[in-house]
Amino acid sequence: MPSPLDSLSLPNNVTALRTLLLAREEEHAAELRVARNGLKEQALQIEQLKARLAKLLRQRFGASSEKMKGAIDQLELIIGDLETDLAEAMPSAPEPTPEPPAIELENQPRRRKPKRKPLPENLPRDVVEHPAACTCPKCGGALRRLGEDVTEILEYVPGSFRVTRHVRPKMSCRCCESITQAPAPSLPINRGVAGPGLLAHVLVGKFCDHLPLHRQAEIFARNGIDLDRSTLADWVGQCARLLRPLVEAVGVHVMAAARVHADDTTVPVLSPGNGKTSTGRLWCYVRDDHPFGGKAPKAVLYCYSPDRKGEHPKAHLAGFKGILQADGYAGYAGLYQQGVTEAACMAHVRRKFFDIHAETKSPQSNEALQRIAALYAVEALIRGESAEIRLKVRTERSEPLFTDLRKWLDTTLSRVSGRSEMAKAIRYALTRWDALTLVLRDGSACIDNNAAERSMRPMTLGRKNWLFAGSDSGGERAAAVYTLTETAKLNGLDPEHYLRIVLERIADHPVKRVHEFLPWNLNGIRQRLDQRDAA
């Protein structure tokens, strides 16, 4: 940076002074160009790192390793630091003024800012009035109201604990000396100190926000509430037992569907006694009839098993005779022999070609992606239509595309090395061709299994935080709570609000009518229960 000018050393000659100032201006301009180039390079580096991070995140939901997880975490830290540095180096945005905006220099780097969304209208508002002056500050004249400017700031008020005291006076009869008293309130946990709101908060914290119980205990301790991890674990176990009939009702609804999406993922389980972990499985079964115009509510059922043997999905899907949208797991083969219709996932086929294209940029992989994209373009047109319309449009538009794709796969396979990754990707598609083309024979079938994969993502995030399930029974409890929280999300409900309402009422509700607490029945049951309590 140029040294500051000393007024005593400035030349008295106007020409010399002008020359000095021009030289200084040139030095400042050169320094500014260097700084701008540095900012542009930093912004470019951020975009490159984001692209690399996006690629790693796409791979993460497949077979990931500890090394990949570490790389993702490190990239997120680097991007955060670079964006912070860039924000510190760039000038802050000035307050808006009615004056015309200054002209931006052509080479000045621009930060891409997300468009600010309006704050939700349902949030409570605290209004702070800033009174104007009573008289005009320039001439002292009287003022009249012209309008107002409103600035809304989003604030956070930390959650608080409350104690609800249930007081039941004892009354004695003056005539017969008998004592009467109102019955004790129905609580989710008998003789427990936790109310429905706190229990719902603990469940959502563990299974939706992925906070292990020991971390929740630390958070409660900062608020002066002493709750041991063992106490929280006991609450979770008793809530899971209380909610079990409702989970079974969700399962009945899912298995009554004409088509079910299925997927599974690993869950490390602590083996008792030796401190080591074994690998359990968490299975999900999704009902979503909306793509083919169905009106049935969305739902997802999670099941746990200690291993990945084919007997487990066979037991989960006992009695199901519809379309099973799944990957190529061999354990489903027994179901297909018992009347279940197989529907394969085009997204899995595409992913293999995508990985090849990301590595080699080969023309064959690019053409495969383009051909598959044409099939998805047809699916976008018929999403939400009836099964009949979907089948008609697919016959007209998708069937020729599938025919050409099959010819291209056969031709390309004969031209590439049989041991190449391209050959493996093609054989993967050809061995599942009949299940991939079920969409040409049944309008209710989907082209991929993305519905189930989306429902598996919360499990992947949770697995990273709580590391392992404490036992097989812990895996079963996790599956039960996930069933309710994720089904609530699919139906547009806040899981914590939903669980709070259920836990308030389900303890003394008839088991035969537990279906009234299903997420899509929530509004009706709440109104009836409120009317009953009022009466």
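No experiment lies behind these values; they were computed from the predicted model shown.

## A word on the overall build of the protein chain
So, step 1. Helix and strand content of the protein chain: 16 helices and seven strands.
So, step 2. A buried classification covers 36% of the 535 residues belonging to the protein chain.
So, step 3. Within the protein chain, residue pairs in contact and separated by at least 24 positions form 62% of the contacts whose partners lie at least 6 positions apart.
So, step 4. Of the roughly 34,100 Å² of accessible surface on the protein chain, a fraction of 53% belongs to carbon and sulfur atoms.

## Some points on the packing of helix 5 (residues 229-255) against helix 14 (residues 472-490)
So, step 1. Orientation of helix 5 relative to helix 14, taken along the N-to-C sense of each, is 60°, at an axis distance of 9 Å. Here helix 5 lies oblique to helix 14, going by the angle between them. Classified by chirality, the crossing of helix 14 by helix 5 is left-handed. Mapping the contact onto sequence places V236, G237, A240, L243, R244, L246, V247 and V250 in helix 5 and E476, R477, A480, T483, L484 and T487 in helix 14.
So, step 2. Grouping the amino acids of the contact of helix 5 with helix 14 by side-chain chemistry returns eight nonpolar, three polar and three charged.

## Considerations on the layout of surface pockets
Which parts of space are left empty comes out when a probe the size of a water molecule is rolled across the atoms.
So, step 1. Volume-wise, the second largest pocket comes out at about 1,400 Å³.
So, step 2. Contributing to the lining of the second largest pocket are 38 residues, with F161, R162, G195, G197 and L198 lying nearest its centre.
So, step 3. At the level of elements, helix 3 (196-207), helix 4 (213-222), helix 15 (495-505) and helix 16 (522-534) are the ones that each hand at least two residues to the lining of the second largest pocket.
So, step 4. The greatest single-element share of the lining of the second largest pocket, amounting to five residues, is contributed by helix 3.
So, step 5. Grouping the amino acids of the lining of the second largest pocket by side-chain chemistry returns 17 nonpolar, twelve polar and nine charged.

## As for the side chain of T485
So, step 1. Residue position: T485 is located in helix 14.
So, step 2. Residue classification places T485 among the buried residues on the basis of a relative accessible area of 0%.
So, step 3. Sequence-distant contacts of T485, defined by excluding residues within four places in its chain, comprise C208, P495 and L499.

## Structural notes on the packing of aromatic side chains
So, step 1. Scanning the entire structure with this criterion turns up six aromatic pairs.
So, step 2. For the ring pair F161 and F220, a centre distance of 5.5 Å and an interplane angle of 80° mean the geometry is edge-to-face. Within this pair, whereas F161 is found in the loop between helix 2 (66-89) and strand 1 (170-172), its partner F220 is found in helix 4, the two being separated by 59 residues in sequence.
So, step 3. Residue class for F161 comes out partly exposed when judged on its relative accessible area of 37%.
So, step 4. Where F402 meets W433, the ring centres are 5.9 Å apart and the plane angle is 75°; that geometry is what we call edge-to-face. Of the two residues, F402 sits in helix 10 (residues 387-415) while W433 sits in helix 12 (residues 433-436), which places them 31 residues apart along the sequence. Each member of the pair F402 and W433 is classed as buried.
So, step 5. Above the plane of the ring of Y329 lies R308, whose end atom (NZ or CZ) is 4.0 Å from the centre.
So, step 6. It is K352 that lies over the ring of Y428; its NZ or CZ is 4.6 Å from the centre.

## Observations regarding the pairing of strand 4 (residues 277-287)
A regular strand places its side chains so that they alternate between the two faces of the sheet.
So, step 1. Where burial is concerned, most of strand 4 is hidden: eight out of the eleven residues are buried.
So, step 2. Across seven bridges, the pairing between strand 4 and strand 5 (residues 299-305) is antiparallel. Each bridged residue has a counterpart across the sheet, and for C284 the counterpart in strand 5 is Y302.

## Focus: the pairing of strand 5
So, step 1. Judged by how many residues are buried, strand 5 sits mostly within the fold: seven of seven residues are covered.
So, step 2. Every second residue of strand 5 is oriented toward a common face, with A299, L301, C303 and S305 on one face and V300, Y302 and Y304 on the other, all of them buried.

## Digging into the packing of helix 5 against helix 15
So, step 1. Remark: helix 5 packs on helix 15, axes separated minimally by 11 Å, with the N-to-C direction vectors making an angle of 90°. When the axis of helix 5 is compared with that of helix 15, the two are roughly perpendicular. When helix 5 is examined against helix 15, the residues C239, L242, L243 and L246 are found in contact with a partner set consisting of Y498, L499, V502 and L503.
So, step 2. Looking at the contact of helix 5 with helix 15, its residues break down into eight nonpolar, no polar and no charged.

Rules behind the numbers
Residues numbered from 1 in each chain as written. Predicted model: local features only at pLDDT ≥ 70, side-chain atom pairs only at ≥ 80, totals over all residues. Heavy atoms only, no water. Helix = DSSP H or I, 4+ residues; strand = E, 2+ residues; numbered from the N terminus. Buried < 20%, exposed > 50% of the residue type's maximum accessible area, 1.4 Å probe, protein only. Contact = heavy atoms within 4.5 Å. Areas by Shrake-Rupley, 256 points an atom, 1.4 Å probe, with all protein chains shown as cover. Axes fitted to C-alpha atoms, helices over the stretch in contact; angles between N-to-C directions. Parallel < 35°, antiparallel > 145°, perpendicular 65-115°, else oblique. Left-handed = near helix turned anticlockwise from the far one by under 90°. Nonpolar A, V, L, I, M, F, W, Y, C, P; charged D, E, K, R; others polar. 1 Å grid on protein atoms, 1.4 Å probe; cavity = no way out; pocket = protein on both sides within 12 Å on 5 of 7 lines; lining within 4 Å. Points joined across faces, edges and corners; volume = space filled by probe spheres on them. Phe/Tyr/Trp six-rings, centres within 6.5 Å; stacked < 30°, edge-to-face > 60°. Lys NZ or Arg CZ within 6 Å of the ring centre and 35° of its normal. Pairing = 2+ DSSP bridges.

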